[in-house]
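Descriptive structure summary
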Amino acid sequence: MLLQRNKLGSVRPPKRCRSDMDNISTSDIVIINGNSHPDLANMVAERMGLKNGGCSVFHKSNRETIVEISDSVRGKDIYIIQTGTKDANNNIMELLIMAYACKTSSARSIVGVIPYLPYSKQCKMRKRGCIVSKLLAKMMCTSGLTHIITMDLHQKEIQGFFDIPVDNLRASPFLLQYIQESIPDYRNSVIVARNPGVAKKANSYAERLRLGLAVIHGEQKEAESDEVDGRYSPPPTSSRQRTTSVSVGVPEHPVKVKPPLTIVGDVNGRIAIMVDDLIDDVQSFVAAAEMLKDNGACRIYVLATHGLLSSDAPRLLEESVIDEIVVTNTIPHEIQKLQCNKIKTIDISILIAEAIRRIHNKESMSYLFRNVTLED
(Lines give C-alpha, C1' and ligand atoms only; values in the text may rest on other atoms or scores of the structure.)
Protein backbone atom coordinates (compact mmCIF):
# COMPACT_ATOMS: atom_id res chain seq x y z
CA MET A 1 0.00 0.00 0.00
CA LEU A 2 1.11 3.55 -0.68
CA LEU A 3 0.01 4.87 2.70
CA GLN A 4 1.02 2.90 5.78
CA ARG A 5 -0.46 2.81 9.25
CA ASN A 6 1.54 3.85 12.30
CA LYS A 7 1.20 2.55 15.84
CA LEU A 8 -1.69 4.91 16.60
CA GLY A 9 -3.69 3.78 13.60
CA SER A 10 -3.12 6.96 11.60
CA VAL A 11 -2.29 6.89 7.92
CA ARG A 12 1.29 7.90 7.22
CA PRO A 13 3.23 8.28 3.96
CA PRO A 14 6.29 6.17 3.17
CA LYS A 15 9.62 7.75 2.37
CA ARG A 16 9.30 7.06 -1.34
CA CYS A 17 6.53 6.43 -3.82
CA ARG A 18 5.63 2.85 -4.54
CA SER A 19 6.53 1.22 -7.78
CA ASP A 20 3.02 0.25 -8.80
CA MET A 21 2.50 3.82 -10.00
CA ASP A 22 3.90 2.33 -13.16
CA ASN A 23 0.60 0.52 -13.77
CA ILE A 24 -0.96 3.82 -14.85
CA SER A 25 -1.61 3.92 -18.56
CA THR A 26 0.28 7.02 -19.66
CA SER A 27 -1.45 7.06 -23.04
CA ASP A 28 -4.78 8.38 -21.76
CA ILE A 29 -3.88 10.59 -18.79
CA VAL A 30 -2.68 14.19 -19.02
CA ILE A 31 -1.62 16.41 -16.11
CA ILE A 32 -1.64 20.16 -16.70
CA ASN A 33 -1.39 23.11 -14.36
CA GLY A 34 -1.83 26.86 -14.20
CA ASN A 35 0.43 29.45 -12.63
CA SER A 36 -0.71 29.04 -9.02
CA HIS A 37 1.63 26.23 -7.88
CA PRO A 38 3.76 24.68 -10.68
CA ASP A 39 6.16 23.10 -8.18
CA LEU A 40 3.39 21.00 -6.64
CA ALA A 41 2.19 19.93 -10.10
CA ASN A 42 5.71 18.85 -11.05
CA MET A 43 6.11 16.85 -7.83
CA VAL A 44 2.79 15.06 -8.36
CA ALA A 45 3.64 14.25 -11.98
CA GLU A 46 7.10 13.01 -10.97
CA ARG A 47 5.68 10.72 -8.29
CA MET A 48 3.35 9.21 -10.88
CA GLY A 49 6.12 8.76 -13.44
CA LEU A 50 4.43 11.18 -15.84
CA LYS A 51 5.36 14.41 -17.55
CA ASN A 52 3.33 17.60 -17.38
CA GLY A 53 1.23 18.16 -20.48
CA GLY A 54 2.00 21.03 -22.78
CA CYS A 55 -0.16 23.83 -21.39
CA SER A 56 0.77 27.51 -21.39
CA VAL A 57 -1.21 30.02 -19.33
CA PHE A 58 -0.35 33.70 -19.60
CA HIS A 59 -1.94 37.15 -19.42
CA LYS A 60 -2.22 39.74 -22.16
CA SER A 61 -1.46 43.41 -21.59
CA ASN A 62 -5.13 44.01 -20.74
CA ARG A 63 -4.94 41.22 -18.09
CA GLU A 64 -7.06 38.77 -20.06
CA THR A 65 -6.08 35.14 -19.48
CA ILE A 66 -4.90 33.08 -22.46
CA VAL A 67 -4.63 29.28 -22.36
CA GLU A 68 -2.79 27.30 -25.02
CA ILE A 69 -2.71 23.48 -24.87
CA SER A 70 -0.13 22.08 -27.27
CA ASP A 71 -0.81 18.35 -26.74
CA SER A 72 -3.93 16.53 -27.88
CA VAL A 73 -6.50 15.91 -25.12
CA ARG A 74 -9.18 14.22 -27.26
CA GLY A 75 -10.59 11.20 -25.42
CA LYS A 76 -8.14 11.55 -22.53
CA ASP A 77 -8.49 12.00 -18.78
CA ILE A 78 -7.27 15.47 -17.82
CA TYR A 79 -6.10 16.42 -14.33
CA ILE A 80 -5.76 20.17 -13.79
CA ILE A 81 -3.65 21.03 -10.74
CA GLN A 82 -4.51 24.56 -9.65
CA THR A 83 -4.65 25.70 -6.04
CA GLY A 84 -5.79 28.95 -4.46
CA THR A 85 -3.27 31.63 -3.51
CA LYS A 86 -3.40 35.32 -2.60
CA ASP A 87 -4.14 35.93 -6.29
CA ALA A 88 -7.38 33.98 -5.99
CA ASN A 89 -9.35 35.61 -8.81
CA ASN A 90 -6.67 34.91 -11.43
CA ASN A 91 -6.31 31.37 -10.09
CA ILE A 92 -10.02 30.76 -10.57
CA MET A 93 -10.16 32.22 -14.09
CA GLU A 94 -7.13 30.17 -15.16
CA LEU A 95 -8.80 27.01 -13.87
CA LEU A 96 -12.13 27.74 -15.55
CA ILE A 97 -10.54 28.59 -18.90
CA MET A 98 -8.28 25.51 -18.82
CA ALA A 99 -11.27 23.28 -18.02
CA TYR A 100 -13.40 24.82 -20.76
CA ALA A 101 -10.54 24.50 -23.27
CA CYS A 102 -10.29 20.79 -22.47
CA LYS A 103 -14.07 20.38 -22.65
CA THR A 104 -14.31 21.96 -26.08
CA SER A 105 -11.34 19.83 -27.20
CA SER A 106 -13.32 16.62 -26.52
CA ALA A 107 -11.53 15.45 -23.36
CA ARG A 108 -13.11 12.35 -21.84
CA SER A 109 -13.01 13.62 -18.24
CA ILE A 110 -11.66 16.74 -16.56
CA VAL A 111 -10.67 16.50 -12.89
CA GLY A 112 -9.84 19.69 -11.01
CA VAL A 113 -7.14 19.13 -8.37
CA ILE A 114 -7.61 22.15 -6.08
CA PRO A 115 -5.73 21.54 -2.80
CA TYR A 116 -6.93 24.85 -1.36
CA LEU A 117 -10.36 25.92 -2.62
CA PRO A 118 -10.60 29.73 -2.81
CA TYR A 119 -13.60 31.48 -1.22
CA SER A 120 -14.26 28.42 0.95
CA LYS A 121 -14.68 30.66 4.02
CA GLN A 122 -17.57 32.48 2.31
CA CYS A 123 -19.87 29.48 2.64
CA LYS A 124 -22.56 31.08 4.83
CA MET A 125 -25.19 33.71 4.21
CA ARG A 126 -24.43 37.21 5.44
CA LYS A 127 -26.53 40.36 5.60
CA ARG A 128 -27.16 41.58 2.02
CA GLY A 129 -24.44 39.20 0.84
CA CYS A 130 -24.32 35.81 -0.84
CA ILE A 131 -22.78 32.36 -0.52
CA VAL A 132 -19.79 32.87 -2.80
CA SER A 133 -18.55 29.28 -2.61
CA LYS A 134 -21.91 28.14 -4.08
CA LEU A 135 -21.42 30.50 -7.02
CA LEU A 136 -17.87 29.22 -7.50
CA ALA A 137 -19.13 25.63 -7.50
CA LYS A 138 -21.66 26.40 -10.24
CA MET A 139 -18.98 28.09 -12.34
CA MET A 140 -16.67 25.09 -12.02
CA CYS A 141 -19.40 22.64 -13.00
CA THR A 142 -20.39 24.79 -15.99
CA SER A 143 -16.78 25.07 -17.19
CA GLY A 144 -16.61 21.33 -17.79
CA LEU A 145 -15.05 19.88 -14.64
CA THR A 146 -16.36 16.37 -13.98
CA HIS A 147 -14.66 15.73 -10.62
CA ILE A 148 -12.99 17.76 -7.87
CA ILE A 149 -10.11 16.76 -5.60
CA THR A 150 -9.50 19.17 -2.74
CA MET A 151 -8.12 19.09 0.78
CA ASP A 152 -9.47 20.13 4.19
CA LEU A 153 -12.41 22.29 3.16
CA HIS A 154 -13.28 25.01 5.67
CA GLN A 155 -16.69 23.37 6.03
CA LYS A 156 -17.29 19.86 4.72
CA GLU A 157 -20.84 20.85 3.71
CA ILE A 158 -19.31 22.79 0.79
CA GLN A 159 -19.20 19.46 -1.05
CA GLY A 160 -22.99 19.73 -1.36
CA PHE A 161 -22.67 22.89 -3.48
CA PHE A 162 -21.21 20.87 -6.37
CA ASP A 163 -23.23 18.82 -8.84
CA ILE A 164 -20.15 16.65 -9.46
CA PRO A 165 -18.22 14.28 -7.15
CA VAL A 166 -15.90 16.00 -4.65
CA ASP A 167 -13.15 14.14 -2.78
CA ASN A 168 -12.14 16.13 0.30
CA LEU A 169 -8.73 14.71 1.27
CA ARG A 170 -7.30 15.10 4.78
CA ALA A 171 -3.84 16.31 5.74
CA SER A 172 -4.22 15.28 9.38
CA PRO A 173 -2.21 12.01 8.99
CA PHE A 174 0.81 14.02 7.85
CA LEU A 175 0.44 16.54 10.68
CA LEU A 176 -0.02 13.78 13.25
CA GLN A 177 3.10 12.08 11.98
CA TYR A 178 5.01 15.37 12.29
CA ILE A 179 3.93 15.73 15.92
CA GLN A 180 5.06 12.19 16.73
CA GLU A 181 8.40 12.35 14.97
CA SER A 182 9.50 16.00 15.08
CA ILE A 183 8.28 17.44 18.38
CA PRO A 184 10.54 16.34 21.25
CA ASP A 185 8.66 14.90 24.22
CA TYR A 186 5.31 15.33 22.47
CA ARG A 187 3.70 13.19 25.18
CA ASN A 188 3.97 16.28 27.38
CA SER A 189 1.84 18.25 24.93
CA VAL A 190 -1.68 19.59 25.00
CA ILE A 191 -3.75 20.25 21.86
CA VAL A 192 -5.15 23.78 21.86
CA ALA A 193 -8.19 25.17 20.03
CA ARG A 194 -7.70 28.94 19.68
CA ASN A 195 -11.49 29.41 19.67
CA PRO A 196 -14.50 27.14 20.29
CA GLY A 197 -15.09 26.80 16.54
CA VAL A 198 -11.91 24.73 16.17
CA ALA A 199 -12.70 22.54 19.18
CA LYS A 200 -13.90 19.55 17.09
CA LYS A 201 -10.71 19.43 15.05
CA ALA A 202 -8.55 19.88 18.14
CA ASN A 203 -10.47 17.16 19.97
CA SER A 204 -9.89 14.74 17.08
CA TYR A 205 -6.13 15.38 17.23
CA ALA A 206 -6.14 14.98 21.02
CA GLU A 207 -7.97 11.65 20.83
CA ARG A 208 -5.65 10.23 18.18
CA LEU A 209 -2.52 11.27 20.06
CA ARG A 210 -4.03 10.49 23.49
CA LEU A 211 -3.25 13.98 24.72
CA GLY A 212 -5.09 16.61 26.73
CA LEU A 213 -7.25 19.35 25.22
CA ALA A 214 -7.44 23.07 25.97
CA VAL A 215 -9.82 25.65 24.48
CA ILE A 216 -9.31 29.42 24.44
CA HIS A 217 -12.58 31.21 25.08
CA GLY A 218 -13.45 34.88 24.76
CA GLU A 219 -11.51 35.75 21.64
CA GLN A 220 -11.90 39.40 20.69
CA LYS A 221 -12.65 38.67 17.04
CA GLU A 222 -16.28 37.76 16.48
CA ALA A 223 -17.01 34.20 15.51
CA GLU A 224 -18.76 33.53 12.22
CA SER A 225 -21.96 32.65 14.06
CA ASP A 226 -21.93 36.10 15.71
CA GLU A 227 -21.68 38.09 12.50
CA VAL A 228 -24.67 40.20 11.55
CA ASP A 229 -27.05 38.81 8.97
CA GLY A 230 -30.54 39.64 7.74
CA ARG A 231 -32.28 38.05 10.72
CA TYR A 232 -31.36 41.05 12.87
CA SER A 233 -32.88 43.67 10.55
CA PRO A 234 -35.24 46.02 12.45
CA PRO A 235 -38.91 46.10 11.48
CA PRO A 236 -40.06 48.96 9.20
CA THR A 237 -40.99 52.17 11.02
CA SER A 238 -43.16 53.88 8.42
CA SER A 239 -46.87 53.13 8.47
CA ARG A 240 -46.84 53.09 4.67
CA GLN A 241 -44.55 50.08 4.69
CA ARG A 242 -46.79 47.87 6.80
CA THR A 243 -50.45 47.30 7.42
CA THR A 244 -50.10 46.22 11.06
CA SER A 245 -47.50 46.76 13.73
CA VAL A 246 -45.81 43.34 13.82
CA SER A 247 -43.07 44.60 16.13
CA VAL A 248 -45.39 44.78 19.14
CA GLY A 249 -44.53 42.03 21.60
CA VAL A 250 -41.47 40.78 19.69
CA PRO A 251 -38.57 40.53 22.17
CA GLU A 252 -35.23 42.00 21.20
CA HIS A 253 -32.14 39.86 20.96
CA PRO A 254 -29.86 40.47 23.94
CA VAL A 255 -26.46 41.84 23.07
CA LYS A 256 -23.66 39.26 23.24
CA VAL A 257 -20.83 40.27 25.53
CA LYS A 258 -17.73 38.10 25.23
CA PRO A 259 -15.96 37.31 28.49
CA PRO A 260 -12.28 38.15 28.97
CA LEU A 261 -9.84 35.85 27.20
CA THR A 262 -9.56 32.65 29.26
CA ILE A 263 -8.14 29.15 28.79
CA VAL A 264 -10.23 26.09 29.60
CA GLY A 265 -7.61 23.46 30.36
CA ASP A 266 -4.14 23.17 31.88
CA VAL A 267 -1.12 24.25 29.81
CA ASN A 268 1.33 25.04 32.61
CA GLY A 269 4.73 23.46 31.91
CA ARG A 270 3.48 21.72 28.77
CA ILE A 271 3.95 22.00 25.02
CA ALA A 272 0.98 23.80 23.42
CA ILE A 273 0.03 22.69 19.89
CA MET A 274 -2.59 24.86 18.15
CA VAL A 275 -4.32 23.23 15.16
CA ASP A 276 -6.44 24.78 12.42
CA ASP A 277 -7.23 24.37 8.73
CA LEU A 278 -5.93 27.75 7.49
CA ILE A 279 -3.37 30.33 8.62
CA ASP A 280 -3.93 33.67 6.92
CA ASP A 281 -4.29 36.69 9.22
CA VAL A 282 -2.23 35.66 12.22
CA GLN A 283 -3.20 38.27 14.82
CA SER A 284 -5.51 35.81 16.60
CA PHE A 285 -2.79 33.11 16.61
CA VAL A 286 -0.26 35.55 18.06
CA ALA A 287 -2.70 36.73 20.76
CA ALA A 288 -3.53 33.14 21.67
CA ALA A 289 0.16 32.23 21.83
CA GLU A 290 0.89 35.15 24.18
CA MET A 291 -1.87 34.00 26.49
CA LEU A 292 -0.58 30.43 26.43
CA LYS A 293 2.90 31.71 27.31
CA ASP A 294 1.51 33.77 30.17
CA ASN A 295 -0.18 30.63 31.50
CA GLY A 296 3.06 28.65 31.61
CA ALA A 297 3.31 26.90 28.23
CA CYS A 298 6.97 26.01 27.63
CA ARG A 299 6.84 25.75 23.82
CA ILE A 300 4.15 26.72 21.30
CA TYR A 301 3.53 25.13 17.91
CA VAL A 302 0.95 26.01 15.26
CA LEU A 303 -0.12 23.32 12.77
CA ALA A 304 -2.43 23.94 9.81
CA THR A 305 -3.12 22.49 6.38
CA HIS A 306 -3.09 25.70 4.34
CA GLY A 307 -0.52 28.42 4.89
CA LEU A 308 -1.81 31.47 3.03
CA LEU A 309 0.10 33.90 5.31
CA SER A 310 -1.12 37.14 3.75
CA SER A 311 0.14 40.67 4.30
CA ASP A 312 2.70 41.01 7.11
CA ALA A 313 1.91 37.59 8.63
CA PRO A 314 5.54 36.31 8.33
CA ARG A 315 6.90 39.31 10.25
CA LEU A 316 4.30 38.98 12.99
CA LEU A 317 5.04 35.27 13.36
CA GLU A 318 8.79 35.87 13.46
CA GLU A 319 8.36 38.42 16.26
CA SER A 320 5.84 36.32 18.21
CA VAL A 321 6.38 33.81 21.01
CA ILE A 322 5.40 30.96 18.69
CA ASP A 323 8.30 28.54 18.31
CA GLU A 324 7.29 26.81 15.07
CA ILE A 325 4.61 27.04 12.37
CA VAL A 326 3.97 23.86 10.38
CA VAL A 327 1.93 23.91 7.16
CA THR A 328 1.63 21.71 4.08
CA ASN A 329 2.58 22.73 0.56
CA THR A 330 -1.01 23.08 -0.70
CA ILE A 331 -0.20 26.79 -1.13
CA PRO A 332 3.22 28.10 -2.24
CA HIS A 333 4.93 30.03 0.57
CA GLU A 334 8.62 30.11 -0.32
CA ILE A 335 8.78 33.90 -0.01
CA GLN A 336 7.14 33.79 3.42
CA LYS A 337 9.70 31.21 4.58
CA LEU A 338 12.48 33.62 3.68
CA GLN A 339 10.88 36.22 5.94
CA CYS A 340 10.18 33.83 8.82
CA ASN A 341 12.55 31.02 9.79
CA LYS A 342 9.91 29.41 12.01
CA ILE A 343 7.82 28.14 9.07
CA LYS A 344 8.21 24.42 8.26
CA THR A 345 6.66 22.64 5.28
CA ILE A 346 5.19 19.14 4.92
CA ASP A 347 4.96 17.68 1.43
CA ILE A 348 1.53 16.19 0.63
CA SER A 349 2.14 15.55 -3.09
CA ILE A 350 2.19 11.79 -2.47
CA LEU A 351 -1.41 11.91 -1.19
CA ILE A 352 -2.59 13.85 -4.24
CA ALA A 353 -0.73 11.44 -6.55
CA GLU A 354 -2.36 8.44 -4.88
CA ALA A 355 -5.81 10.06 -5.14
CA ILE A 356 -5.29 10.67 -8.87
CA ARG A 357 -4.04 7.11 -9.36
CA ARG A 358 -7.08 5.62 -7.60
CA ILE A 359 -9.56 7.78 -9.52
CA HIS A 360 -7.90 7.02 -12.86
CA ASN A 361 -7.84 3.27 -12.16
CA LYS A 362 -11.40 3.38 -10.82
CA GLU A 363 -10.31 2.14 -7.40
CA SER A 364 -12.01 2.90 -4.10
CA MET A 365 -10.99 6.10 -2.31
CA SER A 366 -12.14 4.80 1.08
CA TYR A 367 -8.63 3.73 2.10
CA LEU A 368 -7.53 7.37 2.15
CA PHE A 369 -10.36 8.18 4.60
CA ARG A 370 -10.45 4.95 6.61
CA ASN A 371 -8.67 6.35 9.66
CA VAL A 372 -9.90 9.93 9.46
CA THR A 373 -13.06 11.12 11.22
CA LEU A 374 -15.41 13.77 9.90
CA GLU A 375 -14.21 16.22 12.54
CA ASP A 376 -10.62 16.23 11.18
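To be clear, the structure that these remarks concern was listed above.
Residues numbered from 1 in each chain as written. Predicted model: local features only at pLDDT ≥ 70, side-chain atom pairs only at ≥ 80, totals over all residues. Heavy atoms only, no water.

Concerning the pairing of strand 15 (residues 324–328)
Taken across its five residues, strand 15 has five buried, putting it largely inside the fold. Alternating residues of strand 15 divide into Glu 324, Val 326 and Thr 328 and Ile 325 and Val 327, and every residue in both groups is buried. Where strand 14 (residues 299–307) lies against strand 15, three bridges are found, and the strand directions are parallel. Its bridge partner being in strand 15, Tyr 301 is matched across the sheet by Glu 324. Handedness of the β-α-β unit built from strand 14, helix 7 (residues 313–319) and strand 15 comes out right-handed. Summarising the sheet, strand 15 and strand 16 (residues 343–346) pair through four bridges and their orientation is parallel. Pairing of Ile 325 across the sheet is with Ile 343, part of strand 16. A crossover links strand 15 with its parallel partner strand 16, the connecting element being helix 8 (residues 334–339), and its sense is right-handed. (Buried < 20%, exposed > 50% of the residue type's maximum accessible area, 1.4 Å probe, protein only. Helix = DSSP H or I, 4+ residues; strand = E, 2+ residues; numbered from the N terminus. Pairing = 2+ DSSP bridges. Right-handed = clockwise from strand over helix to strand, strands pointing away.)

Points about the pairing of strand 10 (residues 189–193)
Looking along a regular strand, one sees side chains alternate from face to face of the sheet. Of all five residues in strand 10, five are buried; the element is thus mostly enclosed. Along strand 10, one buried face is formed by Ser 189, Ile 191 and Ala 193 and the opposite face, lined by Val 190 and Val 192, is buried too. The pairing of strand 10 with strand 13 (residues 271–279) spans four bridges and is classified as parallel. Residue pairing in the sheet places Val 192 in a bridge with Met 274 of strand 13. Inspection of the sheet shows strand 10 paired to strand 11 (residues 212–217) by four bridges, in the parallel sense. Looking at strand 11, one finds that Val 190 is bridged to Gly 212. Handedness of the strand 10-helix 5 (residues 199–209)-strand 11 crossover: right-handed.

Remarks on the environment of Phe 174
One can find Phe 174 in helix 4 (residues 172–182). A sequence separation of 174 residues divides Phe 174 from Ile 348, and the C-alpha atoms of the two residues are 7.6 Å apart.

What about the nonpolar core?
Core analysis: the biggest nonpolar cluster contains 50 residues, and Ile 191, Ile 273 and Ile 356 have the highest contact counts within it. Not counting the four nearest positions on each side in its chain, Ile 356 is found in contact with Ile 29, Val 44, Met 48, Tyr 79, Val 113 and Ile 149. Judged by nonpolar contacts, the second largest core, of 31 residues, contains Cys 102, Ala 107, Ile 110 and Leu 136. (Core = buried A, V, L, I, M, F, W, Y, C linked by side-chain atoms within 4.5 Å. Contact = heavy atoms within 4.5 Å.)

Looking at helix 5
Listed as buried for helix 5 are Lys 201, Ala 202, Ser 204, Tyr 205, Ala 206, Arg 208 and Leu 209. Against helix 4, strand 10, strand 11 and strand 13 lie the buried residues of helix 5. One or two positions beyond helix 5, positive phi appears at Arg 210, with a value near 60°.

Focus on the side chain of Asp 167
Among the secondary structure elements, Asp 167 is positioned in strand 9 (residues 166–169). Look at Asp 167: it is buried, it has no salt bridge, and the nearest opposite charge is Arg 170 at 9.0 Å. Separated by 2.7 Å, the side chains of Asp 167 and His 147 make a polar contact. With residues up to four places along the chain from it excluded, the contact list for Asp 167 reads His 147, Ile 148, Ile 149, Thr 150, Ile 359 and Met 365. (Lys, Arg positive; Asp, Glu negative; His and termini not counted. Salt bridge = Lys/Arg side-chain N within 4 Å of Asp/Glu carboxyl O. Polar contact = N/O pair within 3.5 Å; in protein donor to acceptor, adjacent residues only side chain to side chain.)

With respect to helix 2 (residues 88–104)
Structurally, the α-helix is built with 3.6 residues per turn, so residues lying three or four positions apart point the same way. The terminal C-alpha atoms of helix 2 lie 24 Å apart, and with 17 residues this matches the ideal 24 Å at 1.5 Å per residue to within 8%. Packing partners of the buried residues in helix 2 comprise strand 3 (29–33), strand 4 (55–59), strand 5 (65–69), strand 6 (77–81), strand 7 (109–114) and helix 3 (132–143). Directly beyond the C-terminal end of helix 2, a positive phi value near 70° is found at Ser 106. (Expected span 1.5 Å × (residues − 1).)

Topic: the sheet that holds strand 3
The strand order across the open sheet formed by five strands is 3-6-7-8-9, and the pairing between neighbours is parallel. Of all strands in the sheet, those bounded by a partner on one side alone are strand 3 and strand 9. The mean inter-strand angle of the sheet, taken between neighbouring strand axes irrespective of direction, is 15°. One ladder, built from four bridges, connects strand 8 (residues 147–151) with strand 9; its direction is parallel. Bridging across to strand 9, Met 151 finds its partner in Leu 169. Each of strand 3, strand 6, strand 7, strand 8 and strand 9 touches helix 9 (residues 349–360); the most contacted strand, strand 8, lies at about 155° to it. (Axes fitted to C-alpha atoms, helices over the stretch in contact; angles between N-to-C directions.)

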